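As a plain string of letters, each chain reads:
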Amino acid sequence: MRLSDYIQFSFSNLWKRKLRTFLTTFGVTIGIGALVSMISFGRGMQKNVTESFRALELFNSITVLPGGFMSERGTQDPDEKRAVSPPSGREESILDDKAAEKIAGLKGVEMVFPEMRIPALVKFNEKEELRLIQVIPAKVAASKLVKYRAGKAYGSDAENSLVISASLLRQFDIQDPQSVLGKTMVVSSIAFDFSVLNPVDLASVFRGEKIPFSKENYELRIAGVTENLTFGGPSPVQSDIFIPPGAAQKMKRLPFSSIWDLFRAKEGRLGYSALNVRLSSPKFVEPVKKEVSEMGFETFALIDQFQEIQKGFLVMDMILLAVGMIAIVVASLGIINTMVMSILERYSEIGIMKAVGASDGDVKTIFFFESSVIGLWGGLFGLALGWVTSGLINGVVNYFLAKQGVPFINYFSFSWWICVGAVVFAIAVSLVSGIYPAWRAARVDPVRALRHD
Amino acid sequence: MIKIDQLSKVYASGKILVAALKEVSLEFEEGLFAAVTGVSGSGKSTLLNLLGGLDTPTSGTIEVKGRKISDMGKRELALYRRYGAGMIFQSFNLISSHTALENVELPLVFSGVTKKERKQRAEQMLDKVGLSKRLKHRPSELSGGEQQRVAIARALVNRPQVLLADEPTGNLDSRTSREIIELLAELNRSQGLTVIMVSHEEALAAEFAGKIVRLHDGQVVREEKAK
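Residues numbered from 1 in each chain as written. Chains lettered and ligands numbered in written order. Predicted model: local features only at pLDDT ≥ 70, side-chain atom pairs only at ≥ 80, totals over all residues.

This paragraph deals with the overall build of chain A. The helix and strand inventory of chain A stands at 16 helices and 11 strands. Looking at chain A as a whole, 38% of its 453 residues are labelled buried. Across chain A, every contact between residues at least 6 apart in sequence was considered, and the portion connecting residues at least 24 apart equals 82%. (Helix = DSSP H or I, 4+ residues; strand = E, 2+ residues; numbered from the N terminus. Buried ≥ 20, exposed ≤ 12 C-beta atoms within 10 Å, placed from the backbone. Contact = placed C-beta atoms within 7 Å.)

Okay, here's the thing in structure tokens:
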């Protein structure tokens, strides 16, 4: 038999039973549609995260933590920790400016800046918001890590300026970021007010009437407005407000930004809670990590964590795939049902074909072609369905997120291999579904099939 | 030359074994118009199915033009049905959704003949059986006699050596029956086609056939040359 005859045979046979063919194909369409949107969603999420990691050059960064920090944190029982207390970090392994300089001198290190966050009340447009202000050098503020919607980074580390995010501006009821550039914002740092801690006032503190903090107001000029963070992930630079170190030094503030600092302060080993290290390329991650840990510090690289994230994505992909596969299995049962019905109906026709010289192989191939045509159409329509559905979901989700100031994100990713794979997979599934029907058709006994009545 | 030697066919009908043919030995010369007669259940259709390669014997051999079809595998039998023997049936066995032309083209489809040649040969064949004006008709739009002519055209389109007819006139009135048998006799005469016809109409058979074989209970009870 010629290929063109197989194709013509299958199309005309399927066309004879339009409704049934349509319903069966529709089953495959839904299955493939579900599978395609599931996979493209999984891919889309992964792509978004990977791309934003890459765009922010997060693979080039290492976080350096004080020595013994990780191991202390890993201890389950706090009492036990006290007992084993002898600081594993040596005397020199304090994360101070000296350590930062030393790390900055390592090969491949572009920049080192301490992790510093200051809790503060931000006042603007007659509104107040509590935020952790992050202190970053001008060099970092001007780097790829920070994206600007309006204005630019402060010019020097000593400038009395700040950079604010568009989403925080929104909290202040400001829609146009251009309009605030150059304006002054009041930042009130929060510091312990020890005068409150006398016995008389302490009672009111416990009653919640007074808080043991004092506030100092500082006026800073708005230099730039940043984009909202999207898939920021665990970025070392992530805050609604950035200020340069110079401005930070002037502020009276809490001497620590995390509870761990409090413990270290007691031991007289106050340093930075962490140092952010930027490298010129991801290939320096391992050597720098090694040298830094030899200095007695703990290191943490996002690239290591990224591998964990990827494992998570694999699990998510598997779950999405499993959901999609249920639809495929149901669709494949539909194909088997349709094909078996078709054989029963065409029992004598198969007998006739065999009587005039069709081999078992010819009969099998005819039925395989029929089921694969169902698969082909199901695959193509399913791809279209998946594409339309995910487009709709994407549109609706983005519409609502846009109201909250989140920029447009494509949650689905349709790569060419998803498109080709969906159609090939649909045909493969229908071929597998066709195995039993085709085998049954080939086994039809012509003598019985042609016996009149 | 068709040689049948010690041919037996046993069917399992439930748990009971039914011997449809019991050690039948027969010979048909080339170019012969032969008739096989007998009451229903005498094994004549079974014999024809075995000759046509639709069924395989329990024991014994069948040789057609020196080729032992009783030893053939499935694939070879399909080829034998395609090129070696053409069959027609009492109930015509046309595909109802196909036109007359498409029905005749069917064996050529399995032979892998091009569409153009297929159409040409099928038209020629339908012309030969007198249906050149009925090409686009479906079986339901044709009379019984016309349907049997389409079946004959289909059986002969791949130029087989033998035409096997299983009660070809069973569903036809006497006038049409005669026309069909005359057509078979004419094809036998003009083209030297070997025709083996199973029929219970002994009178008609005696009039046209060169040899008559009578079966009873799966055995040959009479074998005679007519005319």
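That shown, we press on.
Secondary structure summary: chain B contains seven helices and 10 strands in total. Scaling as 2.2 N^0.38, a compact globule of 227 residues should have a C-alpha radius of gyration of about 17 Å, and chain B matches this with 17 Å. A principal-axis box enclosing the C-alpha atoms of chain B has dimensions of 45 × 40 × 35 Å. Across the 227 residues in chain B, those meeting the buried criterion constitute 48%. In chain B, 68% of the contacts between residues at least 6 apart in sequence involve partners at least 24 apart. (Rg over C-alpha atoms; globule rule 2.2 N^0.38 Å.)

This paragraph deals with the nonpolar core. Core analysis: the largest hydrophobic core is formed by 114 residues, its most contacted members being Ala34 and Ile196 of chain B. Setting aside its immediate chain neighbours within four residues, Ile196 of chain B contacts Phe28, Ala34, Val36, Leu48, Leu51, Val162 and Leu164 of chain B. The next biggest cluster of nonpolar side chains, apart from the first, holds 53 residues, and it includes Leu65, Ala120, Ile136 and Leu168 of chain A. (Core = buried A, V, L, I, M, F, W, Y, C linked by C-beta atoms within 7 Å.)

We now examine the sheet that holds strand β10 (residues 275–279) of chain A. Residue and element names in this part refer to chain A. Read across the open sheet, the four strands follow the order β2-β10-β1-β11; overall the sheet is antiparallel. Because the sheet does not close on itself, it has two edges, and the strands there are β2 (109–114) and β11 (298–301). On average, adjacent strands in this sheet sit at an angle of 25° to one another, irrespective of strand direction. Packed on one face of the sheet, helix α5 (residues 97–104) meets β1 (61–65), β2 and β10 and runs near 165° to β2. (Pairing = 2+ DSSP bridges. Axes fitted to C-alpha atoms, helices over the stretch in contact; angles between N-to-C directions.)

Another point: the packing of helix α5 (residues 144–156) of chain B against helix α6 (residues 174–191) of chain B. Residue and element names in this part refer to chain B. The geometry of α5 relative to α6 is characterised by a closest axis approach of 10 Å and an angle of 20° between their N-to-C directions. Classified by the angle their axes make, α5 and α6 are roughly parallel. For the pair α5 and α6, the sense of crossing is right-handed. Here Gly144, Gly145, Gln148 and Ile152 of α5 lie close against α6, whose contacting residues are Thr176, Glu179, Ile180 and Leu183. Its residues placed into classes, the contact of α5 with α6 shows three nonpolar, four polar and one charged. (Parallel < 35°, antiparallel > 145°, perpendicular 65-115°, else oblique. Left-handed = near helix turned anticlockwise from the far one by under 90°. Nonpolar A, V, L, I, M, F, W, Y, C, P; charged D, E, K, R; others polar.)

Taken together, the 21 residues of chain B in the interface contact 17 residues of chain A. Top element by residues in the side of chain B that touches chain A is helix α2 (residues 74–84) of chain B. It accounts for five residues. Among the residues making up the side of chain B that touches chain A, the classes are represented as nine nonpolar, six polar and six charged.

Right, let's get into the environment of Gly421 of chain A. All names here are of chain A. Among the structural elements, Gly421 can be located in helix α15 (residues 416–442). Overall, Gly421 belongs to the partly exposed group, with 17 C-beta atoms counted inside 10 Å. Along the backbone, Gly421 and Arg43 are 378 residues apart, and their C-alpha atoms lie at a distance of 14 Å.

Take unusual backbone geometry next. Residue and element names in this part refer to chain A. Phi at Glu126 takes a positive value of approximately 65°, unusual for a residue other than glycine. The residue Glu126 is located in the loop between β3 (117–124) and β4 (127–135) in this model. Judged by local crowding, Glu126 falls into the exposed class, with 7 C-beta atoms found within 10 Å.

With that settled, the discussion passes to the confidence of the model for chain B. Low-pLDDT portions of the prediction should not be read for the details of their coordinates. Residue and element names in this part refer to chain B. Scored by pLDDT, chain B comes out at a mean of 92, with 100% of its residues at no less than 70. By mean pLDDT, helix α7 (residues 202–208) is the weakest element of chain B at 87, and α5 is the strongest at 96. Scoring of the predicted complex yields 0.71 for pTM and 0.94 for ipTM. (pLDDT = per-residue confidence, 0-100.)

Residues and elements named next belong to chain A. Model confidence for chain A is summarised by a mean pLDDT of 80, while 81% of its residues fall at 70 or above. Across residues 69–92, confidence stays below pLDDT 50; counting only partners more than four residues off in sequence or on other chains, it has 16 contacts. Ignoring residues within four places in sequence, the model shows residues 256–269, a span with pLDDT below 50, making 16 contacts including any to other chains.

All names here are of chain B. The sheet contact formed by strand β1 (residues 2–13) and strand β4 (residues 59–64) spans five bridges and is antiparallel. Bridged to Ile4 within β4 is Ile62. With nine bridges joining them, β1 and strand β2 (residues 16–28) adopt antiparallel strand pairing. Looking at the pairing, Ser13 lines up with Ile16 of β2. Here β1 hands over to β2 after two residues, with Gly14 in that stretch at a positive phi of 70°.

Looking now at the sheet that holds strand β10 (residues 219–225) of chain B. Residues and elements named next belong to chain B. Read from one edge to the other, the open sheet built from six strands follows the order β6-β7-β8-β3-β9-β10, with strand pairing classed as mixed. Each end of this open sheet is capped by a strand with a single partner; those strands are β6 (85–88) and β10. Here the average twist between neighbouring strands, direction ignored, is 15°. Two elements, strand β9 (residues 211–216) and β10, share six bridges in a ladder whose sense is antiparallel. Bridging from a neighbouring strand, Arg214 pairs with Arg222 of β10. Here α6 sits on the sheet and contacts β3 (33–37), β7 (162–166) and β8 (194–198); the angle it forms with β8, its principal contact strand, is near 155°.

What follows is about the environment of Arg75 of chain B. If you trace the backbone, Arg75 of chain B turns up in helix α2. For Arg75 of chain B and Ser40 of chain B, which are 35 residues apart along the polypeptide, the C-alpha to C-alpha distance reads 31 Å.

The next subject is the packing of helix α2 (residues 18–55) of chain A against helix α12 (residues 302–345) of chain A. Residues and elements named next belong to chain A. α12 packs onto α2 with a crossing angle of 175° between their chain directions and a minimal axis gap of 8 Å. Here α2 is positioned roughly antiparallel relative to α12, judged by the angle of their axes. Residues of the contact of α2 with α12, tallied by class, amount to 21 nonpolar, eight polar and two charged.

Bringing α2 of chain B into the picture now. All of the buried residues in α2 of chain B are Leu77, Ala78, Arg81, Arg82 and Gly84 of chain B. Where the residues of α2 of chain B are buried, they touch α13 (347–355) of chain A together with β4, β6, α3 (100–111) and β7 of chain B.

What follows covers helix α1 (residues 3–16) of chain A. Taking 1.5 Å of rise per residue, 14 residues should cover 20 Å, and α1 of chain A covers 20 Å from first to last C-alpha, within 8% of that figure. Within α1 of chain A, burial applies to Asp5, Phe9, Ser10 and Leu14 of chain A. Considered in projection along α1 of chain A, the buried side chains sweep an arc of 155° and stay on one side of the axis. For α1 of chain A, exposure combined with an orientation more than 90 degrees from the buried face picks out Ser4, Ile7, Ser12 and Trp15 of chain A. Residues of α1 of chain A that are buried in the fold lie against α2 and α14 (360–403) of chain A together with α3 of chain B. (Expected span 1.5 Å × (residues − 1). Arc of directions from axis to C-beta.)

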